[in-house]
Every structure is written in C-alpha cells, then in structure tokens.
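Examining the three-dimensional arrangement
As a plain string of letters, each chain reads:
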Amino acid sequence: MKIAVASGKGGTGKTFIATNLFFSLTGQGYNTGLIDCDAEAPNAAAFFNLTEVSRTNVAQLVPVIDTEKCTWCGKCHEYCNYNAIFYLPHIKLINVIEELCHGCGACSFACDSGAISEKPESLGNVVSYSYQNKTIVAEAVMNPGVMSPVPVIKKAISLAGNDREVIIMDSPPGTSCPFIQTVATADYIILVTEPTPFGLSDLKQSVDTLRTIGKDFGVIINRAGLGSKDIYTWLESENIRLLLEVPFKKETARIYSTGSLVADHDRFFMMQLMSVYKHIEEQYGDSSNQR
Ligand code: SF4
Ligand code: SF4
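We now turn to the structure provided with this report. None of the values given here were measured: they were computed from a predicted structure.

The subject of this paragraph is the overall build of the protein. Along its length, the protein carries ten helices and eleven strands. Here the C-alpha coordinates of the protein stretch approximately 70 × 45 × 35 Å along the principal axes. Here the protein holds 291 residues, and 50% of them are scored as buried. Taking as baseline every contact in the protein between residues at least 6 positions apart, the subset at least 24 positions apart corresponds to 73%. As displayed, the protein has an accessible area near 13900 Å², and 49% of this comes from carbon and sulfur atoms. Distance between charge centres in the protein, computed from 24 positive and 31 negative side chains, equals 4 Å.

So, in structure tokens, the structure goes:
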C-alpha cells in the first residue's frame, strides 16, 4: 500500500514522520520503499546511509519555432493556455518562454505550416538509492527555475514500482498540483501538523482538499504540548482521526537536528509509529496478505 505523509506547510515534521516510519517498517521486516516527492527541497535521503544506483533525467518536449516557415497566423499563441508564446506579429517577433511551457504540444498541433518542431528540455532527475541492499529510496529533484515539479514527481513514483509491501511518500507541502499529484496515488494520507493557529489553518486547507478529491486521511500532531488545544477541538468536531501525538521534547529535536532517526534511539516511538501503520493497514491495506 502507498501512504503519503503530507502537511499544509513546510517545517511541521512531515519528513521527520516519513523517514522514521520508513525506518521503523524496514526494521520490522517490511519490504518498504521511500519516495521523496518534495522535489523543490528533497532531504529525506540525508537521514540514511545510501548507495546511489541510478539517476534518471526527466525531460519534456518544448516547441522550437522556425521564423522562416512562420506565416504569422497566431494560432500557436491562441492555443497556448499557459501564455508561453510571446507573439508580436507587427514586428515579426515570436518566442517560446520555456519557463512557462508545460509541454502540452497544443502549439505544434495548431501550426499548419510546419514552423514548430520540438526539443527535449530537462526538468530534473529522479535519483534512486539502495538502502541495506534491498529497499529503495527514490528522490525527485527538480531543476532550478522549472515551473512545475509534477513530471519529476510522477516519474519518481513510477520508478518505485508496485512490488513493495509499503511505499511511503514524503509529499510536497501545500495543497497545489505537486501535493495533489502525490496524494492522488496514495491509499491513505497522514497529515502532519502542530498545535498552533498556523498549523490549524493549514490543516483545514489540506483536509478540504483531501475531502474534495475523496482521499482517506488521519492526523499526527507533532510538537504536542506547545500552542493551544484548538486543534483537538476542531479534529473532534470534524470527526477526524488523531493517529498520534509526538510530544515536544528537546532530545527529539536534538537527535533530528543531527540528521539521525529518532526511532533508532527511541524504541517506544518506533512502536508508536508501527501501531499507526497497523491501524492503517487493517483499515485500508492488503499488504498483510503478502507477508
Ligand atoms: S507546448 Fe503547450 S504550453 Fe508549451 S508553448 Fe506550446 S501550447 Fe504552450
Ligand atoms: S502557428 Fe505556426 S505559423 Fe502560426 S504563428 Fe505560430 S509558428 Fe507561426
């Protein structure tokens, strides 16, 4: 089964939960994969001793316009929904703004005069690592200046394959396209938040989005004990399952800040994460059949 670990904003502990859950599952013998879908700032791999096994370039086709063949009909400009074709016919100027291009191919389709060809443009890479010689960690890394990491995320998810008992996906923060792309492929989503007004506000947005697209989810409150009780009242009023509270502890922050896994030092925390997983597996998964 695929579990996405997500949050409405960065810094709430999403990668903390994703990496420790992956570590706990692997330690308990599950055939697990970890995909870092946070392509703008991937850092899950930093918590493990990994060996790089492959690096796959992800490219999209962008148009190239031959002004010698162009008849200045303007159709490509009209067809482009992303305003990626800069078109000033009165001074015979036409250009593709590659940063805005989504590679949809509509302009090539529209052009009757053969003035548009296509070239591949790199969007980023998917780096695959092996962990303990068996499990996989795939990291989506988008190039600077690229408009959308979605094609790189899609590739990372596809490269992780479907032959794992469990795949943990560290989702991009927010609720825009990269988040949707990640959670759309998940069987269950763990939303990580913190008990502050900002945490609650971002959580509400994430919940709205997941309800709109019909995805099941539960909540982990990180740094519990800080902030207020408002988030608990809201979860109860919305009938949303609270999966786990991770109390704010200096020792936890210290271990995490050194790039170590808290579950490797704290067996109780590992067991808590395993019981969260067991609940999800019982309710939503079928991986128990494969063990
Ligand atoms: S490929 Fe699509 S997005 Fe890119 S310039 Fe052409 S129409 Fe616009
Ligand atoms: S559709 Fe083709 S011919 Fe027309 S303006 Fe665009 S490039 Fe030129």
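Here the narrative resumes.
Take the site of ligand 1 next. Near ligand 1 the following residues occur: P63, C80, Y82, A84, I85, C101, H102, G103, C104, G105, A106 and C107. Residues belonging to the shell around ligand 1 are distributed by class as follows: nine nonpolar, three polar and no charged.

In this structure, strand β4 (residues 85-88) lies alongside strand β5 (residues 93-96), joined through four bridges in antiparallel fashion. Note that in β5 the partner of L88 across the bridge is L93.

A word on the pairing of strand β8 (residues 166-170). Of all five residues making up β8, five are buried, and the element is well covered by its neighbours. Here β8 shows a buried face lined by V166, I168 and D170 and a second buried face lined by I167 and M169. The sheet contact formed by strand β1 (residues 2-6) and β8 spans four bridges and is parallel. Residue pairing across strands places A4 opposite M169, the latter belonging to β8. Of the strand pairs in this sheet, strand β2 (residues 32-36) and β8 are connected by five bridges, and their pairing is parallel. Residue D36 lies in a different strand from β8, and its bridge partner there is D170.

By nearness alone, every residue bordering ligand 2 is listed as I65, C70, T71, C73, G74, C76, I94, C111, S113, A115 and I116. Split by residue class, the shell around ligand 2 holds eight nonpolar, three polar and no charged.

Now for the packing of aromatic side chains. Here the distance between the centres and the angle between the planes together describe a pair of aromatic rings. In the structure shown here, the tally under the stated rule is eight aromatic pairs. Relative to Y277, the ring of Y30 has its centre 5.2 Å away and its plane inclined at 80°; by these criteria the two rings are edge-to-face. Note that Y30 is positioned in the loop between α1 (14-27) and β2 and Y277 in helix α10 (residues 267-284), a separation of 247 residues in sequence. Taken together, the aromatic side chains of F16, F47, Y256 and F269 make up a single cluster linked through ring pairs. Directly above the aromatic system of Y232 lies the positively charged group of K229, at a separation of 4.8 Å from the ring centroid.

Rules and cut-offs
- Residues numbered from 1 in each chain as written.
- Chains lettered and ligands numbered in written order.
- Predicted model: local features only at pLDDT ≥ 70, side-chain atom pairs only at ≥ 80, totals over all residues.
- Heavy atoms only, no water.
- Helix = DSSP H or I, 4+ residues; strand = E, 2+ residues; numbered from the N terminus.
- Buried < 20%, exposed > 50% of the residue type's maximum accessible area, 1.4 Å probe, protein only.
- Contact = heavy atoms within 4.5 Å.
- Areas by Shrake-Rupley, 256 points an atom, 1.4 Å probe, with all protein chains shown as cover.
- Lys, Arg positive; Asp, Glu negative; His and termini not counted.
- Charge placed at Lys NZ, Arg CZ, Asp CG, Glu CD.
- Near = heavy atom within 4 Å.
- Nonpolar A, V, L, I, M, F, W, Y, C, P; charged D, E, K, R; others polar.
- Pairing = 2+ DSSP bridges.
- Phe/Tyr/Trp six-rings, centres within 6.5 Å; stacked < 30°, edge-to-face > 60°.
- Lys NZ or Arg CZ within 6 Å of the ring centre and 35° of its normal.

Function cannot be inferred from these measures alone, as they are strictly geometric.
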